[in-house]
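# Observations on the three-dimensional arrangement
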Amino acid sequence: MKRMILSLVFMTMAAGASPSVIPQPLEMKETDKILTLQPNAGISYVDTAAKSSAEQLASMLRPATGYDWPVRQGGEGTIVLQTRKDASLGKEGYRLNITDRVVIQAPTAAGLFYGAQTLLQLLPPEIYSAKKVSKVWNVPTVEIRDTPRFEWRGMMLDVSRCFFGKEFVLRYIDLMAMHKANVLHWHLTDDPGWRIEIKKYPKLTDIGGFRGKGESRYGGFYTQDDIREIVQYAADRNIMIVPEIELPAHSQAVMAAYPHLACFDKEQTIPTRHFISRELYCAGKESTWEFLEDVMDEVCELFPGKYVHIGGDEAKYDQWKKCPDCQAKIKELNIKGEHELQGWMTQRIEKYLQQHHKKILGWDEILGCGVSDEAGIMSWWRPKAAVEAANRGNPVVMALTGHCYFDAPESHVVGEPPAATWIPPVSLRHAYNWDPVPAALKGAAIKNIQGAEGCIWSDQLINPANGLMDKPGEGTAHSEAYVEYLTLPRLAALAEVCWTPQDDRVWDDFFSRMATQYNRYDAAGWNYRTPLPVVETKQNEEGTFSISAIAPMRGASVHYTLNGMEPTATSVELNAPINVKDTMAFKAVTVGADERRTSLVFNFEEKLAPRYRKLGALVGKWSAENVAPVMKFKVTGKVDQNGIYRVSFSEKKRGEAMEVTGLRLLKNGRAIAEGTLLGPTSKRPKTEGVDLVVSDYETGAHFELEVTMKPGKNQGFVLIKRK
Ligand SMILES: [Zn+2]
């Protein structure tokens, strides 16, 4: 399989002009000629419905080409746009024919826009430059018929934990549009900040929009004018914005502004670090409803799309259990407890939004809330819930952590920026190799899977230890560069998951087209994660290893070292296979055409023998050299739910045994579980370990294993496994 990658990439790179469109169109026939766009080229529209699309395309082509691109009505011109009925194209499809001119036909403006996006990708990557580039603007001649597989191709941006200004949101919409994504799910409210101006409740933004004090005061919000501008900008690019107004949980910023909305009217502050507040809107007081309805009135006015996302996730009922009003409401409604109270609340807000001709959308959790079958379910952690919802007739959007949570890192390679560690890495390949339709779903219910959505949570930004948040007055925007890094290139994978039929998607082919996509990101000035080199090894007869590698980006090269030094652009280039005795000494990086761009370092991972692997995931090592009386090992992601975890100390090299005298599991620095079966690390049978009972798991929390040891001389591995 690896060899196949090599040959594919080499072919694409050699051919150069071979189209690398992402997402891959439904049907594309290459007709093997080249059309060169001339400086006097113009754009025409056949019907007036296509006029604004023609003007939009002209504005996309002008900056990089520097040509005038006059727009006229009629059928003449180098590029012709036409609105035309075509039942085979659906609402968003298009036809793009390039011969001695370019013709884009589609039934809708959305289709014309996507035809234009594909045309851009057939041009050299420099077309994405905001400045004029001297270039011969060639396009290959093709016949394309294209339409998306799914109608929901989304990205979620969390602007509550970290506030991103209007300019960045517009830029984010641009990069979504390039990938033919069509839903921006805007996470506008959460515990650490309320970001949408509500005229009737100014304190929501005056107080709820800012956290911290003095110099470290941080925040911001979007005015209603900002929002109207962003909504229109998105609509011009066929992107619907779905606002998320979280309830009943994730609302501490609201309580800080209007404390009477909580169960107990007391002063509240806005958290400056990531945590999940236990404050909920009081479900028992009518004043809560007055507030929610007023807010929704303004929200519905601002967002023309058919959905309002109401969150619904991670509600902990401590306050409701103690609140006389909530308890009285449970009695009055004759319902069973707090979960059904959340159900009642969800149904009530759904009915209210229906009066505004809106549908609700919520996380998995709202499924148990008795919502109507038109409520959208966004499935983030329980694929079973997606199947249940689809069978029930609800529209479902797949946003599974394992494929769609782009706030997780792409890998555990050293140097990867801080990212969510409570879930395993989401590699580009993971983001690509899955089907949003769960295998367990059969028959007509499959059509209820609307598509998929990538999620960028800002949890990592709010963690001060990560140093990712922009500081007031600093004048930088590393938070924005960071979000682009997390988004790209995984958005490209998601785009193809959502657009291209499952049977037409092949990782190797996608991977080779990506080589050009990175060049487009460079031209557009977007930050992205530079892919590591693809390295292949082969054991030779005499016991040495042959190592070859390719750069996964067009114009890039691979550089390596064998002496333990970190490779850089000035290290030796690997352009032919090398022979080594020990692969562990090999390190390599991808170096971009612009040498300032290098990837993280590739090296071969230490492989655990099966006898260790069966004891679970490697947490760390101890040895006489590195032992400390108290050692801490990160286990975030390895502890990923409540349960019993077995920690094993497996001796690898014998010697006087190190003795384990204490073992605790820490959640955000606080012990939540303690092991009792302690003792020397050598006498312990390989299958025996120390059990830890976890009953207070929390998503987003950091977990550490704290081991207290008495010194010795042996060494070994610490491993963890859920029983
Ligand atoms: Zn209450």
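Conventions and cut-offs
Residues numbered from 1 in each chain as written. Predicted model: local features only at pLDDT ≥ 70, side-chain atom pairs only at ≥ 80, totals over all residues. Heavy atoms only, no water. Helix = DSSP H or I, 4+ residues; strand = E, 2+ residues; numbered from the N terminus. Buried < 20%, exposed > 50% of the residue type's maximum accessible area, 1.4 Å probe, protein only. Contact = heavy atoms within 4.5 Å. Lys, Arg positive; Asp, Glu negative; His and termini not counted. Charge placed at Lys NZ, Arg CZ, Asp CG, Glu CD. Domains from an automatic or database assignment. Salt bridge = Lys/Arg side-chain N within 4 Å of Asp/Glu carboxyl O. Polar contact = N/O pair within 3.5 Å; in protein donor to acceptor, adjacent residues only side chain to side chain. Nonpolar A, V, L, I, M, F, W, Y, C, P; charged D, E, K, R; others polar. Donors = N, O, S within 2.8 Å, 3.2 Å for Na, K, Ca; no water. Tetrahedral: all angles 85-135°; square planar, octahedral: opposite > 155°, others 65-115°. Pairing = 2+ DSSP bridges. Axes fitted to C-alpha atoms, helices over the stretch in contact; angles between N-to-C directions. Parallel < 35°, antiparallel > 145°, perpendicular 65-115°, else oblique. Left-handed = near helix turned anticlockwise from the far one by under 90°. Expected span 1.5 Å × (residues − 1).

Moving on: the overall build of the chain. A count of helical and extended segments in the chain gives 19 helices and 35 strands. Each of the three principal axes of the chain carries a C-alpha extent, and together these read 85 × 80 × 55 Å. Of all 723 residues assigned to the chain, the portion counted as buried reaches 58%. Here the analysis covers contacts within the chain between residues at least 6 apart in sequence; of these, 72% occur between residues at least 24 apart. Within the chain, the 89 negative side-chain charges are centred at a point lying 5 Å from the centre of the 87 positive side-chain charges.

Each domain of the chain was delimited in the assignment, giving domain 1 (20-146), domain 2 (152-524), domain 3 (534-603) and domain 4 (610-722). Look at where the C-alpha atoms of domain 1 and domain 2 centre, and you get two points 34 Å apart. Opposite the 21 residues of domain 1 that make contact, domain 2 presents 27 residues. Taken together, domain 1 and domain 2 are joined by 1 salt bridge. A salt bridge links glutamate 92 to arginine 153; the shortest N-O distance between them is 2.8 Å. Our count for the domain 1 to domain 2 interface comes out at 15 residue pairs in polar contact (both at pLDDT 80 or more). Counting residues per element, the side of domain 1 that touches domain 2 draws most heavily on helix 3 (residues 109-122), which supplies 6 residues. For the side of domain 1 that touches domain 2, a count of residues per class yields 11 nonpolar, 7 polar and 3 charged.

For the rest of this paragraph, the subject is the pattern of salt bridges. With the rule as written, the count across this model stands at 32 salt bridges. Between aspartate 325 and lysine 285 there is a salt bridge; the shortest N-O distance is 3.8 Å. Residue aspartate 325 is found in helix 10 (residues 324-333), and its partner lysine 285 is found in the loop between helix 7 (252-257) and helix 8 (286-302); the two are separated by 40 residues along the sequence. Assessed through its relative accessible area of 32%, aspartate 325 is described here as partly exposed.

Glancing now at the side chain of serine 557. Mapped onto the secondary structure, serine 557 falls in strand 22 (residues 557-561). Judged by its relative accessible area of 16%, serine 557 falls in the buried class. Among residues more than four places away in sequence, those in contact with serine 557 are Ala551, Glu573, Val589, Thr590 and Val591.

So, about the environment of glutamine 342. In this structure, glutamine 342 sits in helix 11 (residues 337-355). Residue glutamine 342 is classed as buried on the basis of its relative accessible area of 3%. Between the C-alpha atoms of glutamine 342 and tyrosine 432, which are 90 residues apart in sequence, the distance is 35 Å. Leaving out residues up to four positions away in the same chain, glutamine 342 has contacts with Pro248, Gly312, Ala315, Tyr317, Trp320 and Cys369.

What follows deals with the coordination of the zinc ion. Taken together, the protein ligands of the zinc ion are Cys263 (SG), Cys282 (SG), Cys323 (SG) and Cys326 (SG), with distances of 2.3 Å. Considering all 4 donor atoms around the zinc ion, the spread of angles at the metal, 104 to 117 degrees, places the coordination shape in the tetrahedral class. Mapped onto the sequence, the donors of the zinc ion take the spacing C-x18-C-x40-C-x2-C. Here cysteine 282 is found in the loop between helix 7 and helix 8, whereas its partner cysteine 326 is found in helix 10, with 44 residues between them in sequence.

Further remarks concern the sheet that holds strand 3 (residues 71-73). Ordered in space as 1-7-5-6-4-2-3, the 7 strands form an open sheet in which the pairing is mixed. Each having just a single partner strand, strand 1 (27-37) and strand 3 make up the two edges of the open sheet. The sheet shows a mean angle of 25 degrees between the axes of neighbouring strands, direction not considered. On top of the sheet, helix 3 reaches strand 4 (79-83), strand 5 (94-98), strand 6 (102-106) and strand 7 (137-146); it is set at about 35 degrees to strand 5, its chief contact.

This part covers the packing of helix 17 (residues 490-499) against helix 18 (residues 507-524). Axis angle and axis distance: for two packed helices, these are the angle between their axes and the distance between the axes, and together they describe the pair. Interaxial distance between helix 17 and helix 18 falls to 11 Å at its minimum, and their mutual angle equals 125 degrees. For the element pair helix 17 / helix 18, the angle class is oblique. Crossing hand, helix 17 versus helix 18: right-handed. Contact residues: helix 17 offers Ala492, Ala493 and Glu496, while helix 18 offers Phe510, Arg513, Met514, Gln517 and Tyr521. Residue composition of the contact of helix 17 with helix 18, grouped by class: 5 nonpolar, 1 polar and 2 charged.

With that settled, the discussion passes to the packing of helix 4 (residues 166-178) against helix 16 (residues 478-487). Running from amino to carboxyl end, helix 4 crosses helix 16 at an angle of 20 degrees, the nearest separation of the two axes being 12 Å. In terms of their interaxial angle, helix 4 and helix 16 are classed as roughly parallel. You can see that helix 4 and helix 16 cross each other, and the crossing is right-handed. In contact with Phe168, Arg171, Tyr172 and Leu175 of helix 4, helix 16 contributes Glu480, Val483, Glu484 and Thr487.

Burial analysis of helix 17 places 10 of its 10 residues in the buried class, which makes it a mostly covered element. Regarding helix 17, the residues found buried are Arg490, Leu491, Ala492, Ala493, Leu494, Ala495, Glu496, Val497, Cys498 and Trp499.

Along its 15 residues, helix 2 (residues 51-65) runs 21 Å from first to last C-alpha, staying within 8% of the 21 Å computed at 1.5 Å per residue. All of the buried residues along helix 2 are Ser53, Ala54, Gln56, Leu57, Ala58, Met60, Leu61, Ala64 and Thr65. Contacts made by the buried residues of helix 2 are with strand 2 (43-45), strand 3, strand 4, strand 6, helix 3 and strand 7.

Here leucine 461 lies in helix 15 (residues 459-462). Judged by its relative accessible area of 2%, leucine 461 falls in the buried class. As a C-alpha pair, leucine 461 and cysteine 162 span 299 residues in sequence and 6.4 Å in three-dimensional space.

Moving on, we come to the sheet that holds strand 22. Spatially, the 4 strands line up as an open sheet ordered 23-22-25-26, and their pairing is antiparallel. One side of each edge strand has no neighbouring strand; the edge strands of this open sheet are strand 23 (572-573) and strand 26 (602-603).

Let us now look at unusual backbone geometry. Residues apart from glycine generally show negative phi values, whereas peptide bonds are mostly found in trans. Residue proline 248 is bonded to the preceding leucine 247 through a cis peptide linkage, with omega at -5 degrees. As for its placement among the helices and strands, proline 248 is situated in the loop between strand 14 (240-247) and helix 7. Positive phi, close to 50 degrees, is recorded for glutamate 314, a residue that is not glycine. Relative to the helices and strands, glutamate 314 is located in the loop between strand 15 (307-311) and helix 9 (318-322). Classification of glutamate 314 by relative accessible area gives buried; the value is 17%. In this structure, asparagine 668 takes a positive phi of about 45 degrees despite not being glycine. Relative to the elements of secondary structure, asparagine 668 occurs in the loop between strand 30 (659-667) and strand 31 (670-674). What makes asparagine 668 partly exposed here is its relative accessible area of 46%.

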